[in-house]
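Next come the chains, spelled out residue by residue.
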Amino acid sequence: MERLYIALAALFGGIVAAGLGWLESGETFDLRKFGGSVVRSAIAGVVISLGSGVAGPVDIAVLFYAFLGGAGVDVIGNRLAGNFGNGSFPISSSTEEDIEES
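Each value, and the rule that gives it
Residues numbered from 1 in each chain as written. Predicted model: local features only at pLDDT ≥ 70, side-chain atom pairs only at ≥ 80, totals over all residues. Heavy atoms only, no water. Salt bridge = Lys/Arg side-chain N within 4 Å of Asp/Glu carboxyl O. Helix = DSSP H or I, 4+ residues; strand = E, 2+ residues; numbered from the N terminus. Axes fitted to C-alpha atoms, helices over the stretch in contact; angles between N-to-C directions. Parallel < 35°, antiparallel > 145°, perpendicular 65-115°, else oblique. Left-handed = near helix turned anticlockwise from the far one by under 90°. Contact = heavy atoms within 4.5 Å.

## Describing the pattern of salt bridges
A complete count under the given rule lists 2 salt bridges for this structure. A salt bridge links aspartate 30 to arginine 32; the nearest nitrogen and oxygen atoms lie 4.0 Å apart. For arginine 40, the salt bridge is made with aspartate 74, and the minimal N-O distance between the two is 3.6 Å. With arginine 40 in helix α2 (residues 31-51) and aspartate 74 in helix α3 (residues 60-85), the pair connects residues that are 34 residues apart, well separated along the chain.

Structure below.
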């Protein structure tokens with residue numbers, strides 16, 4: 001049961017980070033983006049809960065670290081997804097026209 005609480009804390013952290021990111025952006029709500037954040041946070045929650053070595057009862061510090069872990073995975077995941085999507089990721093941006101001109 002303790003692992004479930006840890007996973008839920010990480011999931012909640014990701015949901016809070018996604019909600020704050022949406023409020024900060026000023027864009028209309030996009031369920032697809034929010035759903036991606038929830039999925040990333042759920043995966044982070046499973047990984048964090050399985051990796052935790054909690055032998056006794058879960059205290060507030062463990063839940064806080066799981067919350068921060070879920071929020072961090074969401075924020076980093078959004079940054080990586082944004083870099084892949086807008087062309088700023090360091091991948092060759094050559095097109096077929098560039099290759100034909102050579």
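There is more to say, and it comes next.
## Side note on the environment of tyrosine 65
Looking at where tyrosine 65 falls in the secondary structure, it is placed in helix α3. Sequence-wise, tyrosine 65 and isoleucine 48 are 17 residues apart; in three dimensions their C-alpha atoms are separated by 9.4 Å.

## A look at the packing of helix α1 (residues 2-25) against α2
Relative to each other, α1 and α2 sit at 150 degrees, their axes nearing to 8 Å. Judged by the inter-axis angle, α1 sits roughly antiparallel to α2. When you trace α1 past α2, the crossing you get is right-handed. Judged by residue contacts, Arg3, Ile6, Ala7, Ala10, Leu11, Gly14, Ile15, Ala18 and Gly19 of α1 engage Phe34, Ser37, Val38, Ser41, Ala42, Ala44, Gly45, Val46, Ile48, Ser49 and Leu50 from α2.

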